[in-house]
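# Coordinate inspection notes
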Amino acid sequence: VSSNCSTSDTLPQDVPAVTGVLRQLSSDFDDAAVVCEPCRVLSLQSAVPEHAPLGSQERPTVGSTCHDSGICKPCAHAFGKEGCHNGPLCNFCHLCGPEEIQRRKKEKRAFQRAMKQCPPRKLECGC
């Protein structure tokens, strides 16, 4: 079955989305009629929200970008006497409070203690 429709998803952003979707109108593959219907091209850029500008209150540093998802690493110097010398280019989060580093260390130690109490398991293979 051939068609003039394009399934390419590499159109530039400023080009209207007029690529088509192939639809089979008949269940019989030998006599299948293929129609090209207009559809919308999805892009990852339009699906992902725009980041706040670097240096703003919502994103003071590069490392603060993932703060909302909880995978950031707190900056040890942000709340120190001299502060962080890296400024907005710091790879660590300045949105986490000063107690966050201690809380994460405590959580890690508790996890390690719990893992020590678990009996070691032998891996069984079918050999």
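Fair warning: this is a prediction, and the values are worked out from it, not measured in the lab.

### A look at the side chain of Ser 64
Locating Ser 64 in the fold gives a position in the loop between helix H1 (44-47) and helix H2 (100-117). Reaching out from Ser 64, the side chain makes a polar contact with the backbone nitrogen of His 94 at a distance of 3.1 Å. Residues contacting Ser 64, with those up to four places away along its chain left out, are Arg 59, Phe 92, Cys 93, His 94 and Leu 95.

### Let's talk about a positive patch on the surface
Residues Lys 105, Lys 106, Arg 109 and Arg 113 make up a contiguous surface patch of positive charge. Turning to its location among the elements, Lys 106 is positioned in helix H2.

### Overview of a nonpolar patch on the surface
A surface patch of nonpolar side chains, about 260 Å² in accessible area, is lined by Leu 54, Val 62 and Leu 89. Along the chain, Val 62 turns up in the loop between H1 and H2.

### Considerations on the pattern of salt bridges
All told, the structure shown has three salt bridges when counted by the stated rule. Note that Glu 100 is salt-bridged to Arg 103, the shortest N-O span being 2.7 Å. Taken as a pair, Glu 100 and Arg 103 lie in helix H2 at a separation of three residues, close to a single helical turn. Using a relative accessible area of 14% as the deciding quantity, one classes Glu 100 as buried. A salt bridge links Arg 104 to Glu 100; the nearest nitrogen and oxygen atoms lie 2.8 Å apart. Of this pair, Arg 104 and Glu 100 both sit in helix H2, four residues apart, which is roughly one turn of that helix.

### So, the state of the cysteines
Taken as a whole, this structure holds zero disulfides when the rule is applied. No disulfide involves Cys 66; its sulfur sits 7.8 Å from that of Cys 72, the nearest cysteine. Cys 75 carries a free sulfur, and the closest cysteine sulfur to it, the one in Cys 90, is 3.9 Å from it.

### A word on the environment of Ala 78
Locating Ala 78 in the fold gives a position in the loop between H1 and H2. The spacing of Ala 78 and Gly 97 is 19 residues in sequence and 9.0 Å in space, taken between C-alpha atoms. Those residues in contact with Ala 78 that sit more than four places away from it in its chain are Gly 83, Cys 84 and His 94.

### Here we look at the environment of Thr 61
Its place among the elements puts Thr 61 in the loop between H1 and H2. When the C-alpha atoms of Thr 61 and Asn 91 are compared, they prove to be 6.9 Å apart, with 30 residues separating the residues in sequence. Excluding anything up to four places from it in sequence, Thr 61 contacts Leu 54, Gly 87, Pro 88, Cys 90, Phe 92, Cys 93 and His 94. Within the structure, Thr 61 has its side chain in polar contact with the backbone oxygen of Phe 92 (distance 2.9 Å).

### Things to note about the confidence of the model for the protein
Mean pLDDT over the protein stands at 75; residues scoring 70 or higher make up 68%. When pLDDT is averaged over each helix and strand of the protein, the minimum, 46, is found for strand S1 (residues 20-24) and the maximum, 93, for H2. Long-range and interchain partners of residues 13-28, a stretch whose pLDDT sits below 50, account for 38 contacts in this model, where long-range means more than four residues apart.

Parameters at a glance
Residues numbered from 1 in each chain as written. Predicted model: local features only at pLDDT ≥ 70, side-chain atom pairs only at ≥ 80, totals over all residues. Heavy atoms only, no water. Helix = DSSP H or I, 4+ residues; strand = E, 2+ residues; numbered from the N terminus. Polar contact = N/O pair within 3.5 Å; in protein donor to acceptor, adjacent residues only side chain to side chain. Contact = heavy atoms within 4.5 Å. Patch = residues over 30% accessible without salt bridge, like charges linked within 9 Å, V, L, I, M, F, W, Y side chains within 5 Å. Areas by Shrake-Rupley, 256 points an atom, 1.4 Å probe, with all protein chains shown as cover. Salt bridge = Lys/Arg side-chain N within 4 Å of Asp/Glu carboxyl O. Lys, Arg positive; Asp, Glu negative; His and termini not counted. Charge placed at Lys NZ, Arg CZ, Asp CG, Glu CD. Buried < 20%, exposed > 50% of the residue type's maximum accessible area, 1.4 Å probe, protein only. Disulfide = S-S within 2.5 Å. pLDDT = per-residue confidence, 0-100.

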